[in-house]
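Here are the chains, one letter per residue:
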Amino acid sequence: MTATSSAMISGANVASETALEPQEAGQAAPEREPITPAETQDQKSTLADLLIVQQNVLEKIVGGASFHETLDSVVRATEELIGGTSCAIFAINERLTDIEHIAAPSLPAALADSLKQVKCAGQTARPANGADVDECGFDGTPLCDSIRNSVVTQGFVPLRIVPVRSQDDELLGMLMICSAGELDLEGGADRPIGSMTQLVRFAIEFERRQAALRSANQRFASLAASIPGVVYQRIVDTDGSMKYSYISEAARDLFGVPPEEIVENPQALFDTHGAEYAATFRDRLLKASRNLEMWDVEATINTRDGQRKYTHAIARPTRRADGSVQWDGVILDATRIKEAELATVAAEARVRDTIVESMPNGFVLFDADDNLVTCNSMLRDMYPVLEGALKPGASYEEVMKAEIENGVDVEAHIPDTESGEIPDEAVRLRARLERRSRSTSKGIERRLADGRWILIDEYETADGGTVALHTDVTELKDREAALKRSNRELQDFASVASHDLQEPLRKIEAFGDRLVARFGDKLGDDGQMYIDRMQNAAGRMRSLINDLLAYSRVTTKAKPFASVDLQKVVSDVLSDLQVAMESSEASVDLQPLPTIDAEKTQMRMLFQNLIANGIKFQAEGVSPKIEVSAHVHSQVPQELALDTQAKEVCEIRVKDNGIGFEMRHLDRIFGIFQRLHGRNEYEGTGVGLATCRKIAELHGGVITAESAPGKGTTFIVVLPVRQDPSGEQA
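Bear in mind that the values here come from a model prediction, so they are computed numbers and not experimental data.

Participant: I'd like to hear about the environment of alanine 630, residue by residue, with values.
Facilitator: When you line up the elements, alanine 630 lands in strand S18 (residues 625–633). Residue alanine 630 is classed as partly exposed on the basis of its relative accessible area of 24%. Placed 64 residues apart in sequence, alanine 630 and leucine 566 show a C-alpha to C-alpha distance of 9.6 Å.

Participant: Report on the sheet that holds strand S20 (residues 702–707), specifying residues and quantitative values.
Facilitator: Spatial strand order, S16-S18-S19-S21-S20: 5 strands in an open sheet with mixed pairing. Lying at the two open borders of the sheet, with one neighbouring strand each, are strand S16 (587–590) and S20. Ignoring strand direction, the axes of neighbouring strands in this sheet form an average angle of 15°. With 6 bridges connecting them, S20 and strand S21 (residues 713–720) associate as antiparallel partners. Bridge pairing in S21 links glutamate 706 to threonine 714.

Participant: Go over the packing of helix H19 (residues 600–616) against helix H21 (residues 688–698), please, and point to the residues and values.
Facilitator: Contact geometry for H19 and H21: axes closest at 9 Å, N-to-C directions at 140°. Regarding H19 and H21, the two cross each other, and that crossing is left-handed. Listed contacts from H21 to Gln602, Met603, Met605, Leu606, Asn609, Leu610 and Asn613 of H19 are Gly688, Leu689, Thr691, Cys692, Ile695 and Leu698. Taken together, the residues that form the contact of H19 with H21 break down as 8 nonpolar, 5 polar and no charged.

Participant: Lay out the pairing of strand S6 (residues 242–247) with the relevant residues and their values.
Facilitator: Direction of pairing for strand S5 (residues 229–236) relative to S6: antiparallel, over a ladder of 5 bridges. For glutamine 233, the partnering residue across the bridge sits in S6 and is tyrosine 246. Taking the residues between adjacent antiparallel strands as the criterion, S5 and S6 are bridged by 5 residues, where glycine 240 takes a positive phi near 90°.

Participant: Hey, could you go over the confidence of the model for the protein for me, with residue numbers and the actual values?
Facilitator: Per-residue pLDDT for the protein has a mean of 78; in total, 77% of the residues score no lower than 70. Overall, residues 128–138 carries pLDDT values under 50, and its contacts beyond four positions in sequence, including any with other chains, amount to 12 contacts.

Participant: Could you give an account of the packing of aromatic side chains, with specific residues and numbers?
Facilitator: Taken as a whole and judged by the stated rule, the model has 7 aromatic pairs. Here the aromatic rings of phenylalanine 202 and phenylalanine 206 are separated by 6.1 Å at their centres, their planes lie at 25°, and the arrangement is stacked. Here the residue phenylalanine 202 and the residue phenylalanine 206 both occupy positions in helix H7 (residues 190–226), the gap between them amounting to 4 residues, near one helical turn. With a relative accessible area of 17%, phenylalanine 202 lands in the buried category. With a centroid separation of 5.8 Å and an interplanar angle of 70°, the aromatic rings of tyrosine 232 and tyrosine 244 are classed as edge-to-face. Pair noted here: tyrosine 232 is in strand S5 and tyrosine 244 is in strand S6, with a separation of 12 residues, a long-range link. Residue tyrosine 232 is classed as buried on the basis of its relative accessible area, which comes to 2%. Ring pairs connect the aromatic residues Phe270, Tyr277, Phe281, Trp295 and Trp327, which therefore count as one cluster. The ring of tyrosine 277 is capped by arginine 284, whose NZ or CZ atom sits 5.0 Å from the centre of that ring. A cation sits over an aromatic face here: lysine 477 above tryptophan 453, 4.6 Å from the ring centre.

Participant: Account for the nonpolar core, with residues named and values stated.
Facilitator: Residues Leu566, Met603, Phe607, Leu610, Ile611, Val628 and Val717 are the most contacted members of the largest nonpolar core, which totals 39 residues. With 7 residues, the top contributor of residues to this core is H19. Discounting chain neighbours no more than four positions away, the residues touching isoleucine 611 are Val570, Val573, Leu574, Leu577, Val588, Ile626, Val628 and Val654. Membership of the second largest hydrophobic core comes to 31 residues, among which are Ala91, Met196, Leu199 and Val200.

Participant: Got a sec to walk through unusual backbone geometry? Specific residues and values, please.
Facilitator: Located in the positive-phi region is aspartate 370, a residue other than glycine, with phi close to 65°. One can find aspartate 370 in the loop between strand S10 (362–366) and strand S11 (372–375). On the basis of relative accessibility, which here comes to 24%, the residue aspartate 370 falls in the partly exposed class. Located in the positive-phi region is glutamate 585, a residue other than glycine, with phi close to 55°.

Participant: Which residues make up the sheet that holds S5, and what are the values?
Facilitator: Reading across the sheet, the 5 strands line up as S6-S5-S9-S8-S7 and stay open at both edges, with antiparallel pairing between neighbours. Looking at the sheet topology across the chains shown, the edges are occupied by S6 and strand S7 (295–302). The sheet shows a mean angle of 30° between the axes of neighbouring strands, direction not considered. In the packing of helix H11 (residues 275–291) onto the sheet, the strands contacted are S5, S6, S7, strand S8 (308–319) and strand S9 (325–333), and the crossing angle to S7 comes to about 160°.

Participant: Mind laying out helix H4 (residues 67–81), listing which residues take part and the relevant values?
Facilitator: Turn by turn, an α-helix covers 3.6 residues, leaving residues three or four places apart pointing in a common direction. With 15 residues, H4 should cover 21 Å at 1.5 Å per step; its first-to-last C-alpha distance of 21 Å lies within 8% of that length. Every buried residue of H4 is accounted for by Phe67, Thr70, Leu71, Asp72, Ser73, Val74, Val75, Ala77, Thr78 and Glu79.

What counts and what doesn't
- Residues numbered from 1 in each chain as written.
- Predicted model: local features only at pLDDT ≥ 70, side-chain atom pairs only at ≥ 80, totals over all residues.
- Heavy atoms only, no water.
- Helix = DSSP H or I, 4+ residues; strand = E, 2+ residues; numbered from the N terminus.
- Buried < 20%, exposed > 50% of the residue type's maximum accessible area, 1.4 Å probe, protein only.
- Pairing = 2+ DSSP bridges.
- Axes fitted to C-alpha atoms, helices over the stretch in contact; angles between N-to-C directions.
- Left-handed = near helix turned anticlockwise from the far one by under 90°.
- Contact = heavy atoms within 4.5 Å.
- Nonpolar A, V, L, I, M, F, W, Y, C, P; charged D, E, K, R; others polar.
- pLDDT = per-residue confidence, 0-100.
- Phe/Tyr/Trp six-rings, centres within 6.5 Å; stacked < 30°, edge-to-face > 60°.
- Lys NZ or Arg CZ within 6 Å of the ring centre and 35° of its normal.
- Core = buried A, V, L, I, M, F, W, Y, C linked by side-chain atoms within 4.5 Å.
- Expected span 1.5 Å × (residues − 1).

Have a look at this one:
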């Protein structure tokens, strides 16, 4: 007999054998009548029958008999144990809303049909407190009354209606015993009824658990089927062996291997993976099992029908009580995603190759280990002698060595200044590699043996590699040489202008003065007019030459940047302009100015031109008022759109109350020889503001203006506060 059947017996209702009769207080319990040997033998026989019945029913339950067959066997066993009776079992659903099963194999069809009409909803409550249970053992609930009425209506006598309840006192069903006529059930029927009730309870609870398990399995199977991948459970034992306890049907579609074959032989699954994957799989799985790490692995497989696919396995580990590790996971078919990624990578590579090949520069890429990754055909065309060295995998040092051996640049043939000898290849190679390691800008110029000039710029990539751009700057070098020649010619012109051109002007002016002094009274009005016009033209010519000299010297005579006190510079300028200020009754409000890195002479020219401009273009009948101010910004104001690396900039403002101008002429006023007014209205050569713009640009700054006719003009100059020695703004 099983342990379960023993538990059934122990839980049987044997109250009738152990109940004590009530006795009055103070009275001794009456002596019980002695049990005769015959009665003892009957009890043993009944107990043996119960054990046999219980064992048969439990074997049906555990052996996989249907719920219907199990309940029918309980009914027949009850009828056999309690002779002369008919039996029925009612199983109530978990919501207590309906009778979901009736087992009554021995009842007449009419009575069975009548009982099937009994409704459960609203009739399962216990009787109210204090309600009596009648002599037939009715529970007193409306459901019991309905069952009793159906039995009586069909001409049967209800003997017992016993509720079947769980350990939590939940109503599971009813056990009904009736007879065709009056039948007195003696106390000996209590034990069989109790045992059968427990069997019914066990059968109903077992069926509910099985139903819940079937439902869970159905839900899991439905879920596994809906997941676009293979759901699996894998067990890794403590000895390192591995098996699949479950793998979904999707394995057949993904791997071409039936799931039952994988459960029986896991190697059938791994045979679809490549040798490289299989070589490290066991070690990786054992390590992840020991550390309980998530399994997140991509793999390439070849299915049994020869298809190439990509998978992505994700699983979570759980350590079980026996020390083994259970992996619950899913293997996704990542083929479409991977193929899209590969297509994207291939497209990017094609685009990258197209871009690299279309570049007007020679391009070469080295990885983080300084091994050549790729280069374009433009680079090979620049250095045809390096064709053999420019191959993927070649080191940076090997490429440099090949350049030296093939005499790529003129430097390779230049002798050492001390020894007068050309250094050997090893020395030149070491010098180049050291220069590269020390260089910050990584930009050098190289002159090839055929006369071409190549500019090499190297940049470090995000992953530690190096990109080198080789640009043919021969034309730029030629222009640079032409510019140097032009600058020399400009310097020569400045020398001629300052001496040779001004000498005839001085003679024109001198002889004009003598002509007026000696023959002025004889020239008449016309002659005097001609002399005046000649003298004025000579003066304008002298002013133009001087202004052109000043404009040219902004570049040709520029000195290195130094610390310049703008306050002192403007004070000196005001001293020089004192006569002009007095004659025009001009006033200047000079506010505190900072000290910046600049070229002092050019700053003097800048302020002199701007302040003189405010004095010259005064409104009629209005004394010129000029305000000079400055403000240092910690960063460049966005509205100025100044392209500079300066951390601080100085914004200088020179504001006047002059005639102003329309803003549509803003760009024009800074052009050389550009004038908005005729010479008869205002003096000037149209070079002053052009000189101011050139000075601002040479300092890495900008100049602009705000104005309106009759509202005056504000010139705005923005200059970096600090300049580094190389000329870059700091």
